[in-house]
Amino acid sequence: MKTTPFTSIHESLGAKMAPFAGFNMPIEYSGITDEHLNVIENMGVFDVSHMGALWVSGPNALPFLQNVCSNDISKVAVGKAQYNYMPNDKGGIVDDFILYHYEESKYMLAVNASNIEKDFAWLQKHATDGVILENGSDNIGILAVQGPKAKAVLQSLTPVNLDNIPFYAFEVGEFAGVKNVIISNTGYTGAGGFELYFYPENGVTIWNALFEAGKDAGIKPTGLGARDTLRLEMGYCLYGNDIDETTNPLEAGLGWVTKLTDDKKNLPSREILEATKINGPEKKLTGFEMVGKGIPRHGYEIANEEGKIIGHVTSGTMSPALKKGIGLGYLEKAYTAPDSKIFIVVRGKQIEAKVIKLPFRK
């Protein structure tokens, strides 16, 4: 298995480790619920160095990206970031990612760990003259520092004024004495905070500085288990669960990042996306919470009162913050209004649930 700059630290801290996207990653340290609540109340540090960093540059970088990315890249100024996905040619999703406009005619795509090679091959397949592609995934480390106390702790370690970095923006500067760190006001938890991108050899220096500066702020190392429960409470999609190669992005609620502008003539699946926008999706990714006792899990069927199957669960858990079962699932459109009564089929039993307007954690 691959390792990150922090694997030996995770092991020394007694983290429960498991394979994830080919990496040996920490799932939990003190427990998922404890880590989850600490991020909401204080701050947590996630090692997400397994994620990919794909660089796109050259004089034709912008028109190229316009024709492979769903969102309108022309609106992203240098120093800004944008949520995006790459549609495939069958109406599905190659991957979802955050795009960073790093310099004039130079962009970074922060992609899902399990999709790095696939994404890079897709970009290569569609590349045109004047476009330079680089898979920089092995030459970058990433820490997500999240929670209401994260900003103050981070500010103590950098001369960069974090108040001048709005949501979905970033600066490149010094952090903990390390040069050329991308300090990005992004995250996957809904708890606020920043993500740090740096060369792997500087990872331990940054980790140690963070935990020294945050020792009075409740800082804790946090695993991928809490990362998943935190994102689910916010209703954020997880690739491989809620979206994949077969998912129509408009059914997944991604119409807001589907900009079919005139300069996207060669966008894969454009005709399918246009038709879905005109006709409306047949089903929708919908949030629900359990009324009866039970925990929804990926793959469970969803039924109506008469027992007819009307959808399936894509993500589900016992919410650490809300103390109830919550989930996401694709439902027939007629059942997606808030407070609609639905039933999750758990080991042959129908357990009542109701549709909830996202996010779960307000």
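These figures come from a predicted structure and were not determined experimentally.

(A) Geometry of the overall build of the protein. Assigned secondary structure in the protein consists of 8 helices and 19 strands. Computed over its C-alpha atoms, the radius of gyration of the protein comes to 21 Å, within 12% of the 21 Å expected for a compact globule of 362 residues. The principal-axis extents of the C-alpha atoms in the protein amount to approximately 65 × 50 × 40 Å. Every one of the 362 residues in the protein was classed for burial, and the buried ones make up 56%. Considering only contacts in the protein between residues 6 or more positions apart, those separated by 24 or more positions represent 65%.

(B) Structural detail: the UniProt feature "domain: Aminomethyltransferase C-terminal" (unreviewed entry) in the protein. When the UniProt feature table is mapped to this numbering, "domain: Aminomethyltransferase C-terminal" (unreviewed entry) covers residues 283-360. Annotated as 0% helix and 55% strand, the span residues 283-360 places its first and last C-alpha atoms 20 Å apart.

(C) Spotlight on the pattern of salt bridges. Counted by the stated rule, this structure contains 12 salt bridges. With a closest N to O distance of 3.1 Å, K179 and E174 form a salt bridge. For K179, a relative accessible area of 54% puts it in the exposed group. Connected through salt bridges with shared partners, the residues D228, R231 and D242 form a single ionic network.

(D) Up close: the state of the cysteines. This model, assessed by the stated rule, comprises 0 disulfides. C69 forms no disulfide, and the closest cysteine sulfur to it belongs to C237, at a distance of 17 Å. With relative accessibility at 0%, the residue C69 sits in the buried group. The exposure class of C237 is buried, given its relative accessible area of 11%.

(E) Spotlight on the nonpolar core. Counting residues in hydrophobic clusters, the biggest one holds 30 residues, and the most contacted among them are L154, F175, I183, L196, I206 and L210. Within the residue set of this core, elements represented by two or more residues are β3 (43-47), β9 (141-146), α5 (150-155), β11 (178-184), β12 (193-198) and α6 (203-213). Each residue touching L154, except ones within four places of it in the same chain, is listed here: V145, L162, F175, F194, L196 and L210. If you look at the next biggest cluster of nonpolar residues, it comprises 22 residues, including L54, V56, F64 and M86.

(F) Spatial organisation of the side chain of E233. With respect to the helices, strands and loops of the structure, E233 is situated in helix α7 (residues 224-233). At 2.6 Å, the side chain of E233 forms a polar contact with the side chain of R361. When neighbours within four sequence positions are excluded, E233 is seen to be in contact with H36, I40, S319, P320, A321, L322, I326, P359, F360 and R361.

(G) Structural context of the packing of aromatic side chains. Scanning the entire structure with this criterion turns up 9 aromatic pairs. With 5.4 Å between their ring centres and 75° between their planes, Y100 and F170 make a pair best called edge-to-face. Here Y100, found in strand β6 (residues 93-103), pairs with F170, found in strand β10 (residues 170-175); they are 70 residues apart in sequence, far enough to count as distant. Judged by relative accessible area, which is 6%, F170 ranks as buried. Note on Y100 and Y197: the rings are 5.5 Å apart at their centroids and 70° apart in plane angle, and the pair reads as edge-to-face. Of the two residues, Y100 is situated in strand β6 and Y197 in strand β12; the sequence distance between them amounts to 97 residues. Each member of the pair, Y100 as well as Y197, is classed as buried. Counting every residue linked through ring pairs, the aromatic cluster contains F6, F198, W207 and F211. One cation-aromatic arrangement involves K106 over W55; the distance from NZ or CZ to the ring centre is 5.0 Å.

(H) Broad picture of the sheet that holds strand β7 (residues 106-111). Pairing is antiparallel across the open sheet formed by 5 strands, whose spatial order is β5-β6-β7-β4-β8. This sheet does not close on itself; its edge strands, each paired only once, are β5 (81-87) and β8 (132-135). Here the average twist between neighbouring strands, direction ignored, is 30°. Relative to β8, helix α4 (residues 116-126) is tilted by about 170°, and along the sheet it contacts β4 (52-57), β5, β6, β7 and β8.

Calculation criteria
Residues numbered from 1 in each chain as written. Predicted model: local features only at pLDDT ≥ 70, side-chain atom pairs only at ≥ 80, totals over all residues. Heavy atoms only, no water. Helix = DSSP H or I, 4+ residues; strand = E, 2+ residues; numbered from the N terminus. Rg over C-alpha atoms; globule rule 2.2 N^0.38 Å. Buried < 20%, exposed > 50% of the residue type's maximum accessible area, 1.4 Å probe, protein only. Contact = heavy atoms within 4.5 Å. UniProt positions renumbered as here; feature names shortened; annotations may be inferred. Salt bridge = Lys/Arg side-chain N within 4 Å of Asp/Glu carboxyl O. Disulfide = S-S within 2.5 Å. Core = buried A, V, L, I, M, F, W, Y, C linked by side-chain atoms within 4.5 Å. Polar contact = N/O pair within 3.5 Å; in protein donor to acceptor, adjacent residues only side chain to side chain. Phe/Tyr/Trp six-rings, centres within 6.5 Å; stacked < 30°, edge-to-face > 60°. Lys NZ or Arg CZ within 6 Å of the ring centre and 35° of its normal. Pairing = 2+ DSSP bridges. Axes fitted to C-alpha atoms, helices over the stretch in contact; angles between N-to-C directions.

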